[in-house]
Amino acid sequence: MSSLTPDGRGGGAGKALSVSGWLVDALCAQGVEYVFGVPGGPLLSLYEELENSPGLRLVLARHEEAAAFMADGYAQASGRLAVVCATTGPGAMHALTGVASATSDSMPLLVITAQTAASVSGRSGLQDSSGGNWSVDTVEMFRTATKLSARLAHPGQLPWLFRHLMRTIWSGRPGAAHLSVSSDMMNSPVTDASLPPLYRAASTAPDAAAVQLLAQKLRRSRRPVILAGQGAKLSGAAGSLQQLAQSAGIPVATTLKGKGVFPEDHPWALGVFGLGGTPAAFDYLLSPEVDLLLIIGSGLGEAAANAFDSRLVTGRQVIQIDLDPLRLGAGCDLDLPIAGDADTVLRALLAELADVPAAPRVRDAVLTGAQDRLLVRVPASALQKDHAVLSASAVVSRMSERLPEDTVLYTDNGNCLSWVGQHHRSRPGGQIHFSFNVASMGYSTGAAIGGKLAQPDRTVVAVIGDAAFAMSGMELHTAAELGLPVIWVVLNNGGNAMVVNIQDSIYGHGSRSMFDRPIDAAAIARGLGAQARTAADLNSFTEALGEALESDTPFLIDVRVDPSEVPWALSARITSLRSAFAERPVSGW
């Protein structure tokens, strides 16, 4: 943590700035490049300062939810602080879902919302959101969606409050924080011109005795396995995880959100376990031969644990590493909890194992048998075979075959999760992002725009269903105005196919989940200023993808896929959910 701001200024008195001006300078001092948002009357003073700041660029979204998702996507791709602004009332309410997603996904994000004038607060002013008198209290609304939600009570409070917001965002497990400022306070002077230091997350050393005990347990284990989650990815533990797997001979599966932290062409890779998972990971992790499960950076929630499948934690030692001590044991009973940053703990573990080396395990028939069912290794042509209608699995597999290895991929919610989890191979240098705990449809449309701003020299792709695109597709106009060559692959199956797949399995029929008229996503994209192609077979999709990769403008591929194709992982989840609903969970969960 630096005691100087990025431009070299330390603390000290100077000319009084307005609240808006001080906030803009403070954001610049935190290294913020972009502010995503939609303007509104009570917010205009802040927008004026942002417009006149040479260090910041305003990104005008078409909807506040999308603006928050853009900020989320920017933070996912860069690891840096992201900022979203929204006006009072509906502007703030629209942003709530994206902000909640950022907190859920451990993304550093600051949301600044306006408020009507404090002098008339609670008097039924237009878009009053101070609470009471039938108005929404936006500070309270954001309280459960962020790590901290606060209202600026006085201009003199701002320097301290901003520092508190930054500490809260970055301390422990990162997340979002919210600041509400009334319109009449935006222009009030802040006499303390000193700016806060550049805040970043601080890592602490793990408990040495716990790491030693973990090393002992791994040496004694006959068949250990690792399940790596989002926390492992965010900590930058990919290198340490690969070294541990290789040197100790431990197979590695990931949760869906952890996908990308371990390359799936690695000889010890098992792919994804849980929702969006692959048979290889299920076969191995649920095998009674496993005697130790090491969970790294996952809270082991319902989706990651395959609807709390008791086989995952029964008859073996269960050890969890997590940055947040409150998450240790939250998913299941533990034999050993270790609090700490995943990469820091793994580095300490590798050093401990090196001090007393043991003969590494070798790949055997159990592992190779499971890996024979690793779907990411099945080529697109084999998945498509002689099917008359284009399969979504083949589309995602072809993307995996043709996209650059350093692609930044955003995956929307719905069956897209399973197709990417099962068929898109993670490789070193690439990024794969989900927003899965809140699981809002339409996330990837805006997130990919934020990701491209964060990583302008890399290919950025969003995979999204047509129902999710219907909720968020207007943001292609934002990308067109910015001239961002983002690629959207719309898996167009005529509606909410994931819901129908579940309805068919449980009730034997679907009910009002599909569209009566399919959406022409390509026509919409062209109307918004993007290039677009429609594909109905694997060859035409391959040609369109090649054209999109060569384009220097936003590009959408409207892929007409079979709505009756059910992901393997969704079938497994339905079976597990039926068991979970019919039976009480066993001891351990």
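Residues numbered from 1 in each chain as written. Predicted model: local features only at pLDDT ≥ 70, side-chain atom pairs only at ≥ 80, totals over all residues. Heavy atoms only, no water.

This brings us to the pattern of salt bridges. Within this structure, the stated rule accounts for 17 salt bridges. Linking Arg311 and Asp309 is a salt bridge whose minimum nitrogen-to-oxygen distance equals 2.7 Å. (Salt bridge = Lys/Arg side-chain N within 4 Å of Asp/Glu carboxyl O.)

What follows concerns the packing of aromatic side chains. In this structure the tally under the stated criterion is eight aromatic pairs. For the pair Phe69 and Tyr443, a centre-to-centre distance of 5.6 Å together with 80° between the ring planes defines the contact as edge-to-face. Of this pair, Phe69 sits in helix 3 (residues 64–78) while Tyr443 sits in helix 16 (residues 443–454), and the two are 374 residues apart along the sequence. In terms of burial, Phe69 and Tyr443 fall into one category: buried. Here the aromatic residues Tyr34, Phe36 and Tyr74 are joined through ring pairs into a cluster of three or more. (Phe/Tyr/Trp six-rings, centres within 6.5 Å; stacked < 30°, edge-to-face > 60°. Helix = DSSP H or I, 4+ residues; strand = E, 2+ residues; numbered from the N terminus. Buried < 20%, exposed > 50% of the residue type's maximum accessible area, 1.4 Å probe, protein only.)

In this section: the side chain of Thr254. For Thr254, the position within the fold is in strand 12 (residues 252–254). Once residues lying within four places of it in the same chain are set aside, the contact partners of Thr254 are Leu227, Ala228, Lys259, Val261, Phe262, Gly271, Val272 and Phe273. (Contact = heavy atoms within 4.5 Å.)

Below, the discussion takes up the confidence of the model for the protein. A residue-level look at the protein finds 94% of positions with pLDDT of 70 or above and a mean pLDDT of 91. Predicted confidence is poor over residues 1–13, with pLDDT under 50, and the contacts of this stretch with residues over four places away or in other chains come to 20 contacts. (pLDDT = per-residue confidence, 0-100.)

What follows deals with the sheet that holds strand 5 (residues 109–115). With parallel pairing, the six strands of this open sheet are ordered in space as 3-2-4-5-9-8. Only two strands of the sheet have a single neighbouring strand rather than two, namely strand 3 (57–60) and strand 8 (148–151). Ignoring strand direction, the axes of neighbouring strands in this sheet form an average angle of 20°. For strand 2 (residues 34–37) and strand 3, the ladder comprises four bridges, and the chain directions are parallel. Within the sheet, the bridge partner assigned to Gly37 lies in strand 3 and is Leu60. (Pairing = 2+ DSSP bridges. Axes fitted to C-alpha atoms, helices over the stretch in contact; angles between N-to-C directions.)

Okay, the pairing of strand 20 (residues 487–492) next. Of all six residues in strand 20, six are buried, a share of seventy percent or more. What you see with strand 20 is no split at all: Ile487, Val489 and Leu491 on one side and Trp488, Val490 and Asn492 on the other are buried throughout. Relative to strand 20, strand 19 (residues 460–465) runs parallel, the two sharing five bridges. Bridged to Val463 within strand 20 is Val489. In this structure, strand 20 lies alongside strand 22 (residues 555–560), joined through six bridges in parallel fashion. The partner of Val490 across the bridge, within strand 22, is Asp558.

Spatially, 18-17-19-20-22-21 is the arrangement adopted by the six strands of the open sheet, whose pairing is parallel. On the outer flanks of this sheet lie strand 18 (431–433) and strand 21 (531–535), each paired with one strand and no other. On average, adjacent strands in this sheet sit at an angle of 15° to one another, irrespective of strand direction. Judged from the four bridges that link them, strand 17 (residues 408–411) and strand 19 form a sheet pairing that is parallel. The residue bridging Leu409 from the neighbouring strand is Val461, located in strand 19.

Our next topic: the side chain of Ser53. Among the structural elements, Ser53 can be located in the loop between helix 2 (44–51) and strand 3. Among all residues touching Ser53, those that are not within four sequence positions of it are Val24 and Cys28.

In helix packing, the relevant descriptors are the interaxial angle and the interaxial distance, both defined with respect to the helix axes. It is the contact of helix 1 (residues 19–29) with helix 2, at a shortest axis distance of 9 Å, that shows an interaxial angle of 45°. Classified by the angle their axes make, helix 1 and helix 2 are oblique. For the pair helix 1 and helix 2, the crossing hand works out as right-handed. Each of Ser20, Gly21, Leu23 and Val24 in helix 1 lies in contact with helix 2, whose residues at this interface are Ser45, Leu46, Glu49 and Leu50. Of the residues that constitute the contact of helix 1 with helix 2, the class distribution is four nonpolar, three polar and one charged. (Parallel < 35°, antiparallel > 145°, perpendicular 65-115°, else oblique. Left-handed = near helix turned anticlockwise from the far one by under 90°. Nonpolar A, V, L, I, M, F, W, Y, C, P; charged D, E, K, R; others polar.)

Let us look at the pairing of strand 15 (residues 317–322). Most of strand 15 is tucked away, with five of its six residues classed as buried. Judged from the four bridges that link them, strand 15 and strand 16 (residues 336–339) form a sheet pairing that is parallel. Residue pairing in the sheet places Ile319 in a bridge with Leu336 of strand 16.

Where the residue is not glycine, phi is negative for most of them; where a peptide bond is considered, it is trans in most cases. With phi around 60°, Ser106 is a residue other than glycine that occupies positive phi space. One can find Ser106 in the loop between helix 4 (90–104) and strand 5. For Ser106, a relative accessible area of 8% translates into the label buried. Positive phi, normally seen in glycine, also occurs at Ala439, with a value near 60°.

With that settled, the discussion passes to helix 2. Along helix 2, the residues classified as buried are Ser45, Leu46, Tyr47 and Leu50. Contact partners of the buried residues in helix 2: helix 1, strand 2, strand 3, strand 4 (82–86) and strand 5.

In contact at an axis separation of 7 Å, helix 3 and helix 4 are set at 25° when each is read in the N-to-C sense. Looking at the two axes, helix 3 sits roughly parallel to helix 4. In this structure, the crossing between helix 3 and helix 4 has a hand that is right-handed. On helix 4, the residues touching Glu64, Glu65, Ala68, Phe69 and Asp72 of helix 3 are Gly91, His94, Ala95, Thr97, Gly98, Val99, Ser101 and Ala102. Partitioned by chemical class, the residues of the contact of helix 3 with helix 4 number five nonpolar, five polar and three charged.

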